[in-house]
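# Descriptive structure summary
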Amino acid sequence: MELVRTWLPDSPLVSFTILLLVISAIPPIFERLRLPGLVGLLVAGVVLGEHGLGLLSAESETIHLLSDIGKIYLMFVAGLEIDLEQFRKKKNRSLGFGFATFIVPLIIGTLIGQLFGFGLNASILIGSLFASHTLLGYPIVQRLGLVETEPVIVTIGATIFTDISALLVLAICVSIHAGEFSLYTLSVQLGSLAIYAAIVLFGFDWAGKQYFRRTGNDQGNQFLFVLLAVFLASVGAQIIHIEQIVGAFLVGLAVNDVVGRSPVKEKVEFVGSVLFIPFFFVGMGLMLNLPVFMETLRSSFGLTVAILAGLIGSKFLAALLAKVLYHYRWNEMMVMWSLSLPQVAATLAAALAGLQVGLLSEAVFNSVIVLMLVTSVLGPVLTAKFAPQLPLPKPSPEISQSVLWWESRAEHRVLDEQFERDRSNFTVVVPISNPLTERFLIEMAALLARHESGQIVPLSIAQDQLQMDEPQMQITLGQSRRLLVRAKQISSEFKVEAKPALRIEDDVARGIIRTAREQDARLIVMGWSENTGLRARLFGTIIDSVFWSSHCPVAVMRLLDEPIKIRRLLVPVKNFTPQTVRTVRFAQLLADTNQGSVTLLHVCPSQTTSEEIASLESELSHVLCSAGPQVSTSIKVIRHEDVAMVILNASQSVDMVILRSLSRRTVAGLAVSDVTTKLINHLKSSFVLFAEPHA
């Protein structure tokens, strides 16, 4: 190994290349072993560090810079991930549980610090490490359709209180440690913190909304604005002598409303989850002195056990307090406990900050590493055990403000003339580019338009590229015109009016969106194109862009048979949100065009009782019968842990599967795949990916 180190040039580029190799290869290996990918990054850091192979050094400027960026980005994403809308729904109870799950661990952690001989300032910082939490169990409750249940909403909302409070305690403790403590200096520190927090939370929120409004769909500049906001806030935190991660978390909350669920948010999280945040965890591993770590566990075993027991016990007491105060059931309390148990993002970042300024000892830092490893496994395991025992939220009678075309019927029944005019204006825009898939797409659009007494707009976009000369443009225009002539012929077979449209655009997605706006389209029907490369993940696909920017619903289809032969439709149903109901309505309308049938499939955990299944079937039946075309319907509720496998098996006996588009989420910057992604990769039947307008 000494020979390898001598052979490698002493260059930051070498360190960066090794880091890229590690973060791309190691996490998947550990995830196959049923271990968190973060553990693999920590282990890789230890192996590659000075006490292992010696290929990387925690003291190098490159590693120090990348680790700092990762730490800042980690806390920014933690703030960005918090669902402010959920917090507002149960604000009082969220604050109540947030205070309980902050103050109880803070007190117990402080007592543990005092018990083991730490000073009051260091003891309070240890307590603040207990107070925050990371929602590693969120993907589990999301998969089970429990995000709208009160215990989950309250726990998500509590994260805001605990993380902000823990970071403020860190800032004050570090400030006190850096200078002489006095009431005056404490007052000045608290005052500067309050002013700084107000500037970040309100100033960046206002500036972001103004900038996004002015830049429109320019995602590149919007992405750069978000990055600039993160590092400006971090520099500002340094100026007033508080930890950078405080500013990063606050700016995450500030731009939360600005980015919403836009493509910019997904790109920001993607860059963090695959690049910057893994750098931080590798850097943590490089700082971990393995011989000292093992010696600490031996000599300070009591401290490690006390920290573990104190954290687990204090979080349980806080959940128990919420149970008594808000009259929750046992399973609800256990879900709240399990969700608030994992200590990853804020805890690790704060522990590292405390170690770097000399406020925390290496023994405490090593104990926090153990705490992270144990709780990041224990929390999700407990969530997976108790969350399936919670009842699904009831269907909401409320419909969101984005009314879809079939929902407008109830409003217009009173005004028959207006209703008929709306039906006659029903327009389906169909972008076409591939002669092999054109016929089926036009047929499907024609069936829907005929059902609604409307028309279709076949759309061909000739992409204007900078390097394209006049002969090439003429060839492209000729191909587009041939596609449109063929589209009009197909629509005439179904006796549906077609108004072909030809556009010259440098951006295909923008051309589709503008045409849909100009034609006042009620639906966009697109063909499915498989593009999952790095470029698509970074910059998005045409489908992504249309999903996010369309003013009307979008149905992306992969049609393996003639639409007139598609009669048996399968709709997987996870929960009872208005979005789910609309997807069911779309399936019913699609079935009604061919006198087909619809099957609703809900996959529930193995522990679900027969009574709960009967209740689920009753609710699903209500969803089917409450409105929409009266087509032949059936309901299946199946107990199984592998949702994707059940849906794939059921898809073998139907003609088409209707899926609802879900945006990808991350937790603490770690990418989480969803069932829809797995289904699309393995389905052997036709499918529709249905998305509501985001704009």
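Parameters and conventions
Per chain, residues are indexed from 1 in the order of the written sequence. Since the coordinates come from a predicted model, pLDDT governs what is reported: local features require at least 70, and pairs of side-chain atoms require 80 or more to be given and counted, while whole-chain, interface and lining totals use all residues. Working from all heavy atoms in the structure, the side-chain values ignore hydrogens and water. Here a strand is any run of E in DSSP of at least two residues, a helix any run of H or I of at least four, and the numbering for each starts at the N terminus. For the exposure calls, accessible area comes from a 1.4 Å probe over protein chains only, and a residue counts as buried if that area is under 20% of its type's maximum, exposed if over 50%, partly exposed in between. Only heavy atoms matter for contacts: two residues are in contact if any of them lie within 4.5 Å across the pair. All accessible areas in this document rest on Shrake-Rupley with a 1.4 Å probe, and a residue is counted as covered only by the protein chains that are shown. Helix axes are fitted only over the stretch in contact, all axes being lines through C-alpha atoms; the angle between N-to-C directions runs from 0 to 180 degrees. Every angle not falling under 35 degrees, over 145, or within 65 to 115 is termed oblique; those three ranges are roughly parallel, roughly antiparallel and roughly perpendicular. Crossings are sorted by hand: turned counterclockwise from the far helix by less than a right angle, the near helix makes the crossing left-handed, and turned clockwise it makes it right-handed. Gly is placed with the polar residues, together with every amino acid not listed as nonpolar (Ala, Val, Leu, Ile, Met, Phe, Trp, Tyr, Cys and Pro) or charged (Asp, Glu, Lys and Arg). Here, nonpolar core refers to any group of buried Ala, Val, Leu, Ile, Met, Phe, Trp, Tyr and Cys residues whose side-chain atoms link them within 4.5 Å. Think of a salt bridge as a Lys or Arg side-chain nitrogen and an Asp or Glu carboxyl oxygen that are within 4 Å of each other. The aromatic pairing rule takes the rings of Phe, Tyr and Trp, using the six-membered ring of Trp, and pairs them if the centres are within 6.5 Å, calling planes under 30 degrees apart stacked, those over 60 edge-to-face and the rest tilted. In this scheme, the term charge over a ring applies when either NZ of a lysine or CZ of an arginine sits within 6 Å of the ring centre and within 35 degrees of the ring normal. We treat two strands as partners when DSSP finds at least two bridges between them. Across the chain, each position has a pLDDT score giving the predictor's confidence in that residue, from 0 to 100. Residues with no salt bridge and a relative accessible area higher than 30% make up the patches, which join like charges within 9 Å and nonpolar side chains (Val, Leu, Ile, Met, Phe, Trp, Tyr) within 5 Å.

Turning next to the overall build of the chain. For the chain, the count of helices and strands is 30 helices and 13 strands. Residues counted as buried form 56% of the 695 residues belonging to the chain. Counted over contacts in the chain with a minimum sequence separation of 6, partners at least 24 positions apart contribute 81%. Carbon and sulfur atoms make up 60% of the accessible area of the chain, which totals about 30,500 Å².

Turning next to the packing of helix H16 (residues 301–326) against helix H17 (residues 330–339). Between H16 and H17, the shortest axis-to-axis distance is 9 Å and the interhelical angle comes to 140°. It follows that H16 is oblique to H17 by the angle criterion. Every pair of crossing elements has a handedness; the one defined by H16 and H17 is right-handed. In this structure, H16 uses Ile 312, Lys 315, Phe 316, Ala 319, Leu 320, Ala 322 and Lys 323 to contact H17, whose residues at the interface are Trp 330, Met 333, Met 334, Met 336 and Trp 337. Each residue belonging to the contact of H16 with H17 can be placed in one class, and the counts come to 10 nonpolar, no polar and two charged.

With 128 residues, the main nonpolar core has Tyr 73, Phe 76, Val 251 and Leu 348 as its most contacted residues. The leading source of residues in this core is helix H9 (residues 150–178), at 13 residues. With residues up to four places along the chain from it excluded, the contact list for Tyr 73 reads Leu 227, Val 268, Val 271, Gly 272, Phe 276 and Ile 277. With 46 residues, the next largest nonpolar core counts Ile 432, Met 444, Leu 600 and Leu 620 among its residues.

Once that is clear, we can look at the pattern of salt bridges. Here the structure, examined in full by the defined rule, presents 11 salt bridges. For Asp 205, the salt bridge identified is with Lys 209, shortest N-O distance 3.5 Å. Separated by four residues within a single helix, Asp 205 and Lys 209 lie in helix H10 (residues 183–215), roughly one turn from each other. On the basis of relative accessibility, which here comes to 17%, the residue Asp 205 falls in the buried class. Judged by its relative accessible area of 41%, Lys 209 falls in the partly exposed class. Between Glu 443 and Arg 439 there is a salt bridge, and its shortest N-O distance comes to 2.8 Å.

In this structure the tally under the stated criterion is 12 aromatic pairs. With 5.2 Å between their ring centres and 45° between their planes, Tyr 73 and Phe 276 make a pair best called tilted. Of this pair, Tyr 73 sits in helix H4 (residues 61–81) while Phe 276 sits in helix H14 (residues 263–287); the two residues are 203 residues apart in sequence, bridging distant segments of the chain. Here Tyr 73 and Phe 276 have matching classes, each one buried. Ring centres of Tyr 211 and Phe 225 lie 4.9 Å apart, and the angle between their planes is 15°; this geometry places the pair in the stacked category. Placement of Tyr 211 in helix H10 and of Phe 225 in helix H11 (residues 219–239) is noted, with a sequence separation of 14 residues between them. The ring of Phe 386 carries Lys 385 above its face, with NZ or CZ at 5.6 Å from the centroid.

Let us look at H17. Burial runs high along H17: eight of the 10 residues are buried. Buried within H17 we find Glu 332, Met 333, Met 334, Val 335, Met 336, Trp 337, Ser 338 and Leu 339.

Turning our eyes to something else, we now look at the pairing of strand S7 (residues 568–572). In the sheet, S7 pairs with strand S8 (residues 597–604) via five bridges, with the strands oriented parallel. Paired with Pro 572 across the bridge in S8 is Leu 601. Pairing analysis gives two bridges linking S7 to strand S10 (residues 656–660), with the strands arranged parallel. Bridged to Leu 569 within S10 is Met 656.

This part covers unusual backbone geometry. Even without being a glycine, Ser 453 presents a positive backbone phi close to 55°. Assignment of secondary structure puts Ser 453 in the loop between helix H22 (435–451) and strand S2 (455–463). Phi at Gln 595 is positive, roughly 50°, even though this residue is not glycine. When you line up the elements, Gln 595 lands in the loop between helix H27 (578–593) and S8.

Examined against the element boundaries, Ser 367 turns out to sit in helix H19 (residues 362–386). You can call Ser 367 buried: its relative accessible area is 1%. Contact partners of Ser 367, with chain neighbours within four places excluded, come to Leu 303, Thr 304 and Ile 307.

Do not read the predicted coordinates in detail wherever pLDDT is low. Residues with a pLDDT of 70 or more make up 83% of the chain, whose mean pLDDT is 79. Low confidence marks residues 397–402, where pLDDT is under 50. Its contacts with residues over four positions away, or in another chain, come to nine contacts. In the predicted structure, residues 663–673 sits below a pLDDT of 50 and forms 37 contacts with residues beyond four places in sequence or in another chain.

So, about the environment of Ile 29. Within the secondary structure, Ile 29 sits in helix H2 (residues 12–32). Looking at Ile 29, the relative accessible area reads 47%, which means it is partly exposed. The sequence separation of Ile 29 and Gly 40 amounts to 11 residues, and the corresponding C-alpha distance is 7.9 Å.

This part is about the side chain of Asn 594. Mapped onto the fold, Asn 594 is located in the loop between H27 and S8. Its relative accessible area of 8% is what places Asn 594 among the buried residues. For Asn 594, the residues in contact, after removing those within four places along its chain, are Leu 447, Pro 563, Ile 564, Lys 565, Ile 566 and Arg 567.

On to the packing of helix H24 (residues 508–518) against helix H26 (residues 542–549). The interhelical angle for the contact between H24 and H26, taken along N-to-C directions, is 35°, at an axis separation of 9 Å. In the crossing of H24 with H26, the sense of the turn from one axis to the other is right-handed. Contacts between H24 and H26 involve Val 508, Ala 509, Ile 512 and Ile 513 from the first element and Ile 542, Ser 545, Val 546 and Ser 549 from the second. Its residues placed into classes, the contact of H24 with H26 shows six nonpolar, two polar and no charged.

The next thing to look at is a nonpolar patch on the surface. Nonpolar side chains collect at one region of the surface, where Val 43, Val 47 and Leu 53 lie side by side and expose about 190 Å² of accessible area between them. One can find Val 43 in helix H3 (residues 37–48).

A large share of strand S13 (residues 686–691) lies buried, amounting to six of its six residues. Here S10 pairs with S13 via five bridges, running parallel. By the bridge assignment for S13, Met 656 is matched with Ser 686.

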